[in-house]
Amino acid sequence: MNRSEKFWNNNAGGYDKEEMKDRDGRIRILDKTRKYLRQEGNVLDYGCATGIVANAIAGEVNGITGIDISPEMIRVARQSAGELNIRNVTYACSTIFDEKLKAGSFDVILAVYLLHLLEDMPGALARIHELLKPGGLFISVTPCLGKRSLAGMGLLLASKLGLIPGMKLFDLPGLEQSITGADFKILETDCLQRKGQQYFIAAEKRVFS
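Residues numbered from 1 in each chain as written. Predicted model: local features only at pLDDT ≥ 70, side-chain atom pairs only at ≥ 80, totals over all residues. Heavy atoms only, no water.

Student: Would you explain the overall build of the protein in this entry?
Tutor: Check the secondary structure of the protein and you find eight helices and seven strands. The C-alpha radius of gyration computed for the protein amounts to 16 Å, which stays within 12% of the reference 17 Å derived for 209 residues, consistent with globular compactness. Counting only C-alpha atoms, the protein reaches 45 × 45 × 35 Å along its principal axes. Considering only residue pairs separated by 6 or more positions, the protein has 69% of its internal contacts joining residues 24 or more positions apart. (Helix = DSSP H or I, 4+ residues; strand = E, 2+ residues; numbered from the N terminus. Rg over C-alpha atoms; globule rule 2.2 N^0.38 Å. Contact = heavy atoms within 4.5 Å.)

In structure tokens form, the structure reads like this:
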């Protein structure tokens, strides 16, 4: 078990409570995401944690696959879906590179508070592009604190001390460049929270003939 998996396993029980401290922020994420959903669509929630997003939007799409590296997060997500009688969400302890995930399978792929935690973001973005149908959408929410901010330096220090998982610090232009460089066209960028510089980005898979 690596450090990140251990951290998320240990925090799975209190994850929903912690996340809902910013209830307004969560509502904004859901409202922005819902604009890009279709009832017939199939969604992959990459880094789904406890299913806090997937369970909320399940009634607005055909089906959702939620994946996370933490078995405890997946356990809580399944339990929550069962309590809510949600039948069209499947949760699995897995990664984006799982061969069970087939190319061109998804209309929308979500990555909420995830990109800054990835060891190989270019590889993950390439895989996301592969898994999306032609014209499919990639939706992310990512803090863009920058390396020179006090908050950013504090997070890097906590990461180096092993208090939190390893992470990367983005600024918005760098993040957008990474996404467009992976053959996506950005449709919308919106700052959901100035304090944490949390940016919602919706991008469309480019298809070249």
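Student: Would you mind showing me how to read the packing of aromatic side chains here?
Tutor: The description of an aromatic ring pair uses the distance of the two centres, along with the angle that the planes make with each other. Within the structure shown, the criterion is met by three aromatic pairs. Ring centres 6.4 Å apart and planes at 75 degrees place the aromatic pair Trp8 and Tyr15 in the edge-to-face group. When its relative accessible area of 22% is taken as the criterion, Trp8 is described as partly exposed. Residue classification places Tyr15 among the buried positions, given a relative accessible area of 13%. (Phe/Tyr/Trp six-rings, centres within 6.5 Å; stacked < 30°, edge-to-face > 60°. Buried < 20%, exposed > 50% of the residue type's maximum accessible area, 1.4 Å probe, protein only.)

Student: Please explain the environment of Met121 as it appears in this structure.
Tutor: By secondary structure assignment, the location of Met121 is in helix α6 (residues 121–131). C-alpha of Met121 to C-alpha of Pro143: the two residues are 22 residues apart in sequence and 15 Å apart in space. What Met121 contacts, discounting residues up to four positions off in sequence, is Leu115, Phe170 and Ser178.

Student: How should I be thinking about helix α3 (residues 23–34) in this particular structure?
Tutor: Over its 12 residues, α3 extends 17 Å from the first C-alpha to the last, a length consistent with the 16 Å expected when each residue adds 1.5 Å. Contacts made by the buried residues of α3 are with α2 (15–19), α4 (54–57), β4 (106–112), β5 (132–143), β6 (184–193) and β7 (198–205). (Expected span 1.5 Å × (residues − 1).)

Student: I'm lost on the side chain of Ser70 in this one. Help?
Tutor: Tracing the backbone shows Ser70 in the loop between β2 (63–68) and α5 (71–83). Look at Ser70 and you get buried, because its relative accessible area is 0%. Only 3.1 Å separates the side chain of Ser70 from the backbone nitrogen of Met73, close enough to count as a polar contact. Setting aside its immediate chain neighbours within four residues, Ser70 contacts Glu5, Trp8, Asn9 and Cys93. (Polar contact = N/O pair within 3.5 Å; in protein donor to acceptor, adjacent residues only side chain to side chain.)

Student: It is not clear to me how the sheet that holds β6 should be interpreted in this structure. Could you clarify?
Tutor: Picture the strands of a sheet paired through backbone hydrogen bonds; they go either parallel or antiparallel. Strands sit in the order β3-β2-β1-β4-β5-β7-β6 across an open sheet of seven strands; the sheet is mixed. In this open sheet, the two edge strands, each paired with only one partner strand, are β3 (89–93) and β6. Taken over all neighbouring pairs, the strand axes of this sheet differ in orientation by 15 degrees on average, direction set aside. In terms of strand pairing, β5 meets β7 through seven bridges, oriented antiparallel. The partner of Ser140 across the bridge, within β7, is Ile201. The strands touched by α5 within the sheet are β2 and β3, with β3 carrying the most contacts at an inclination of about 165 degrees. Packed onto the sheet, α6 meets β1 (42–46), β4, β5, β6 and β7 and runs at close to 145 degrees relative to β5. (Pairing = 2+ DSSP bridges. Axes fitted to C-alpha atoms, helices over the stretch in contact; angles between N-to-C directions.)

Student: What am I meant to see in the pairing of β2 here?
Tutor: Side-chain positions along a regular strand alternate between the two faces of the sheet. With respect to burial, β2 is a largely interior element, five of its six residues being buried. Where β1 meets β2, five bridges bridge the pair, whose relative direction is parallel. Across the sheet, residue Leu44 finds its bridge partner in β2, namely Thr65. Here β2 pairs with β3 via five bridges, running parallel. The residue of β3 that forms the bridge with Thr65 is Thr90. The β-α-β motif built from β2, the intervening α5 and the parallel element β3 has right-handed crossover chirality. (Right-handed = clockwise from strand over helix to strand, strands pointing away.)

Student: Honestly, the pairing of β5 in this entry has me stumped. Any pointers?
Tutor: Where burial is concerned, most of β5 is hidden: nine out of the 12 residues are buried. As defined by bridge partners, β4 adjoins β5 across six bridges and the pair is classed as parallel. Looking at the pairing, Leu110 lines up with Ile139 of β5. In the classification by handedness, the crossover that spans β4, the intervening α6 and the parallel β5 is right-handed.

This is a description of form; function is not addressed.
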